[in-house]
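Survey of secondary and tertiary structure
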Amino acid sequence: MPARPANPTPINFPDTPALDGAMTPGKATRLRALLTSPQLEFIMEAHDGLSAKIAEEAGFNGIWASGLTMSAALGVRDNNEASWTQVLEVLEFMADATEIPILVDGDTGYGNFNNVRRVVRKLCQRGIAGVCIEDKLFPKTNSFIGDGQPLADIDEFCGKIKAGKDSQPDDDFSIVARVEALISGRGMAEALKRAGAYHAAGADAILIHSKQQTADEILTFAAEWGNRCPVVIVPTTYYDTPTDRYRERDISLIIWANHNLRASITAMREVSRRILREESLVGIEHEVASVKDVFELTGNQELAAAEKRYLPVQQGAPGAVILAASRGSELGSLTEDRPKCMVDVRGQPLLQRLIDTFNSANVRNITVVRGYRKEMVNLPSIKTVDNDFYGSSGEAATLACAIDALKSDCLIAYGDILFRQYIMDQLLAAEGDIVLVVDALWRDRDPDPRSRLRDLVACSAPFQTGYLEDGPVTAKRIGPDIPEDAIGGEWIGLARVTDTGAAMVRSEIESMRRDGELAEASLCDLFNRLIAVGQDLRVLYVTGHWLDVDNHADLEAARSFL
Ligand code: SPV
Ligand code: MG
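Keep in mind that what you see is a predicted model, and the values were worked out from it rather than measured.

Basis of the calculations
- Residues numbered from 1 in each chain as written.
- Chains lettered and ligands numbered in written order.
- Predicted model: local features only at pLDDT ≥ 70, side-chain atom pairs only at ≥ 80, totals over all residues.
- Heavy atoms only, no water.
- Helix = DSSP H or I, 4+ residues; strand = E, 2+ residues; numbered from the N terminus.
- Rg over C-alpha atoms; globule rule 2.2 N^0.38 Å.
- Buried < 20%, exposed > 50% of the residue type's maximum accessible area, 1.4 Å probe, protein only.
- Contact = heavy atoms within 4.5 Å.
- Areas by Shrake-Rupley, 256 points an atom, 1.4 Å probe, with all protein chains shown as cover.
- Lys, Arg positive; Asp, Glu negative; His and termini not counted.
- Charge placed at Lys NZ, Arg CZ, Asp CG, Glu CD.
- Salt bridge = Lys/Arg side-chain N within 4 Å of Asp/Glu carboxyl O.
- Expected span 1.5 Å × (residues − 1).
- Phe/Tyr/Trp six-rings, centres within 6.5 Å; stacked < 30°, edge-to-face > 60°.
- Lys NZ or Arg CZ within 6 Å of the ring centre and 35° of its normal.
- Polar contact = N/O pair within 3.5 Å; in protein donor to acceptor, adjacent residues only side chain to side chain.
- Near = heavy atom within 4 Å.
- Nonpolar A, V, L, I, M, F, W, Y, C, P; charged D, E, K, R; others polar.
- Core = buried A, V, L, I, M, F, W, Y, C linked by side-chain atoms within 4.5 Å.
- Pairing = 2+ DSSP bridges.
- Domains from an automatic or database assignment.
- Axes fitted to C-alpha atoms, helices over the stretch in contact; angles between N-to-C directions.
- Disulfide = S-S within 2.5 Å.

A look at the overall build of the protein
When its secondary structure is counted, the protein shows 20 helices and 21 strands. The C-alpha atoms of the protein give 33 Å as radius of gyration, which overshoots the globular expectation for 562 residues (24 Å, by more than 25%). When each of the 562 residues of the protein is scored for burial, the buried share is 49%. Intrachain contacts of the protein at a sequence separation of at least 6 include 74% that bridge at least 24 residues. If you sum the accessible surface of the protein, you get close to 26300 Å²; carbon and sulfur atoms cover 51% of it. The averaged location of the 82 negative side-chain charges in the protein is 5 Å from the averaged location of its 59 positive side-chain charges.

Quick notes on the pattern of salt bridges
Side chains carrying opposite charge are able to pair once their charged atoms draw close together. Going through the model one piece at a time under the given rule, you end up with 42 salt bridges. Close ionic contact of Asp107 with Lys140 constitutes a salt bridge, the shortest N to O distance being 3.2 Å. Taken together, the positions of Asp107 in the loop between β3 (102–105) and α5 (113–125) and Lys140 in the loop between β4 (130–134) and α6 (154–167) put the pair 33 residues apart, joining distant regions of the chain. Residues Asp107 and Lys140 agree in their burial class; the two are buried. Of the charged contacts, one joins Arg529 and Asp515 as a salt bridge, the two residues approaching to 2.8 Å between their closest N and O atoms. Residue Arg529 is located in helix α19 (residues 523–532), and its partner Asp515 is located in helix α18 (residues 499–515); the two are separated by 14 residues in the primary sequence. Linked through salt bridges whose partners overlap, the residues forming this network are Lys340, Asp416, Arg445, Arg452, Arg454, Glu490, Asp548, Asp550 and Asp554.

Looking at helix α7 (residues 187–201)
Between its first and last C-alpha, α7 extends 21 Å over 15 residues, near the 21 Å set by a 1.5 Å rise per residue. When α7 is considered as a whole, its buried residues turn out to be Glu190, Ala191, Leu192, Arg194, Ala195, Tyr198 and Ala201. In the core, the buried residues of α7 are packed alongside α6, β5 (174–179), β6 (205–208) and α8 (216–225).

A short note on the packing of aromatic side chains
Counted by the stated rule, this structure contains 10 aromatic pairs. Between Phe463 and Tyr541, the aromatic rings sit 5.5 Å apart at their centres with planes inclined by 70°, giving edge-to-face as the arrangement. With Phe463 in the loop between β17 (456–459) and β18 (475–479) and Tyr541 in strand β20 (residues 538–542), this residue pair connects regions lying 78 residues apart in the sequence. Taken together, the aromatic side chains of Tyr414, Trp491 and Phe527 make up a single cluster linked through ring pairs. One Lys or Arg, Arg228, reaches over the ring of Trp225 and ends 4.1 Å from the middle of that ring. The ring of Phe561 carries the charged tip of Arg420 above its face, separated from the ring centre by 3.9 Å.

Details of the side chain of Arg370
Here Arg370 is to be found in strand β12 (residues 365–370). Its relative accessible area of 15% is what places Arg370 among the buried residues. From its side chain, Arg370 meets the backbone oxygen of Val377 in a polar contact 3.4 Å long. Reaching out from Arg370, the side chain makes a polar contact with the side chain of Asp386 at a distance of 2.8 Å. Dropping the residues within four chain positions of it, Arg370 is found in contact with Ala324, Ala325, Val377, Thr384, Val385, Asp386 and Asn387.

Some thoughts on the site of ligand 1
Lining the immediate surroundings of ligand 1 are Trp64, Ser66, Gly67, Leu68, Asp105, Asn142, Ser143, Phe144, Arg178, His209 and Ala257. Contact between ligand 1 and Trp64: an oxygen atom at 3.1 Å from a side-chain N or O atom of the residue. Protein coverage of the free-state accessible area of ligand 1, which is 280 Å², stands at 100%. Here the shell around ligand 1 is composed, by residue class, of four nonpolar, five polar and two charged.

Observations concerning the nonpolar core
The biggest cluster of nonpolar side chains holds 72 residues, and the ones touching the most others in it are Leu351, Phe358, Leu399, Phe419 and Leu494. At six residues, the largest contribution of residues to this core is made by α19. Excluding residues within four positions of it along the chain, Phe358 makes contact with Ala320, Ile322, Val363, Ile366, Ala413, Phe419, Met424 and Leu494. Core analysis: the second largest hydrophobic core is formed by 61 residues, Met44, Ala195, Leu219 and Ala222 among them.

Regarding the pairing of β12
By the criterion of burial, β12 is predominantly enclosed, with five of the six residues buried. Here strand β9 (residues 319–324) pairs with β12 via six bridges, running parallel. Looking across to β12, one finds that Val321 is bridged to Thr367. Pairing analysis gives four bridges linking β12 to strand β13 (residues 383–386), with the strands arranged parallel. Of the residues in β13, the one forming a bridge with Thr367 is Lys383.

What about the environment of Gly471?
With respect to the helices and strands, the residue Gly471 is situated in the loop between β17 and β18. By relative accessible area, which is 33% here, Gly471 ends up partly exposed. As a C-alpha pair, Gly471 and Asp525 span 54 residues in sequence and 26 Å in three-dimensional space.

Comments concerning the domain arrangement of the protein
Each domain of the protein was delimited in the assignment, giving domain 1 (25–257), domain 2 (259–288) and domain 3 (293–561). In this structure, domain 1 and domain 3 have C-alpha centres spaced 59 Å apart.

Digging into the sheet that holds strand β2 (residues 63–65)
With parallel pairing, eight strands are arranged side by side around a closed barrel as β1-β2-β3-β4-β5-β6-β7-β8. Within the sheet, the average angular offset between the axes of one strand and its neighbour, ignoring direction, is 25°. Summarising the sheet, strand β7 (residues 231–233) and strand β8 (residues 253–256) pair through two bridges and their orientation is parallel. Bridge pairing in β8 places Val232 opposite Leu253. Across the sheet, α6 lies against β4 and β5, angled at about 170° from β5, the strand it touches most. Its contacts with the sheet put α8 on β6 and β7, and the angle it makes with β6 is roughly 155°.

Remarks on the state of the cysteines
Enumeration according to the criterion identifies zero disulfides in this entry. Cys229 takes part in no disulfide bond, and the closest cysteine sulfur, belonging to Cys132, lies 12 Å away. Counting only cysteine sulfurs, Cys459 is the nearest neighbor of Cys524, a cysteine outside any disulfide, at a range of 12 Å. Looking at Cys524, the relative accessible area reads 5%, which means it is buried.

In C-alpha cells form, the structure reads like this:
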C-alpha cells in the first residue's frame, strides 16, 4: 500500500461560492473528506468558542471537541460530570464561531443505543460534523486514568453504532468508533476483533487509542488493519514519534487532543501569579493578547457594520451627500474597473474610510452620487443616485443628482478625501447656513497654488492663531485662479449646509439649470454664484490633517494617513 504523501497544502474548503458558482460543501461533508482524504490530515483540540476560533485561525481544517478539555474548561472531571446537554451547549458555541467541521468526543454515547440516537440527531441539528464514541461503560473515565477499565460488550456497542448511523439526518455525518482494547490491556487481537465488528456495524472510521510512550502498538494495529476503513489516532503519550511514520502506515487523521487547553493553563497560571506578585499590569501588558485582538476574534467589526445597516437613523441627525462619480484617470490601471472612491486604502475602499468617519460622528444617512463604473459602488448602508452623464458634466451637475437629499442638516463632500475626525466634529458644531472647511496651511501641502487644480479660497479675514477670534470669516471667492496674495486657504472638499443653506443651494442649482450653466459647472462655480447673490459662505479654518487622492503619490499618502 503506498504511503500517504506529505501535505503540500491543507485541503481548501472555501467559505464562499467559488468563481464557477460551486457552493462550499457542508461541514459533515468536509469532515468525511478529511477522514477519507488520501493524505494524512490533522484536527486540533478546542473546548469553547474562542479556542475553536483560534484553531481555525491557525489554519486547521477541523476541530476535535475533546471531552477531557470541555470538561476541564467547565471545571469538572472527565467522568461525564457535565451532562450531555451541557456539552451540547458548548458545542453550539463552537460550531457557531467557526466554519470548519467539528468532530465531537461523544464518550460512550451517554447511555445505551437510544441515547446515541438522540445525541446524533441533536449534534446534526447544531451543525456538528461527526461524533466519536468509545467502547467503555457509562459514566466513563479518562483513558489515561487507572488500568484495565472495563469495556462494553461488542454486540451492545455495535448496536449503538447502527442506531447512530440509522438516525443521522445528514448522510455525510460521521461516526467514529473508538477502540479501547489496547488501553485496557486486552491486546492486539481483541483490538482488531473489535475494530472489525465496529466497521461491519457501519462505523465510518476506527480510532485506535493507546497510552504507551511509543507508537509501536498503534503502528502494528495500522499494519494489521490494512486500511479497511480510515484510522484515527491520538498521539498524546507517544508525542515524540515523527509524523512521517504515521504517513508511512497510512493513518488517516491525527487528533492533537488537548494542547490548546494545556497551553492556556500554563499561560493563565503565569499571568495570574505575576499580577498577584507584582500588584501591577506593567510586566504582563505586552505579553498578553490585546483587548483589540479579543474584539477582532469575536467579530466586533461585523457588529459595527450591522449596526450601520439595521439601526434606525436618529431623527435630526445630519445626512451627507458624497460626490463619487468621477473615474480618477490619473490613477491609471487602478481605476480601470472601479471609480477612484473604490480604490483600496489598506484593505478598505477610500469611500468606506470616508463613510466610517461620517458614521463615527453619527452621520449615517448618506447618499453617494455614482457615475463611472457605478456598479462597483456597492457598499452597505448607503443610498445611491446616479449621474449617468459623469463623463461630460461637472460636479454641480453631480450634486444636482442628489438634490432630494440636500435638506435639513447635510454635509457635502468629495468622494476622494480623508480627514481627521476632529474636523468633522468642528464642522458639525460650526455656525452658519453654509460652511466650508478651509485649510489655512495650504502652502504646507504644496507651496505652488497652481500645482494641481486646487479649490483656493479668498477669505474675508486670514486665519488667526490667537485664542480670540475676530468674528465670522466668510468666503469672497473660490476657485483655482485666486491671486496668490488673496488666498486665505484651500477648500478641502467638505462643506455643511443647514436647512436654510440647503434651500439656498437647491434654489441656486435650479437657477443654474435654467441658465443652462449647470451641466458643466464645478462646485466652485455654484459657491461663487451663491456669494454673488449675497449669501454668506462661512469659513471654518483648519490646519492640515486632510488629503485628497488624485494620483499615486496621494494614494500612498492616504495609506499612511490611517
Ligand atoms: C479527549 O480528548 O477527551 C479524549 C482523548 O478522549 S484522551 O483524553 O486521550 O482519552
Ligand atoms: Mg475523551
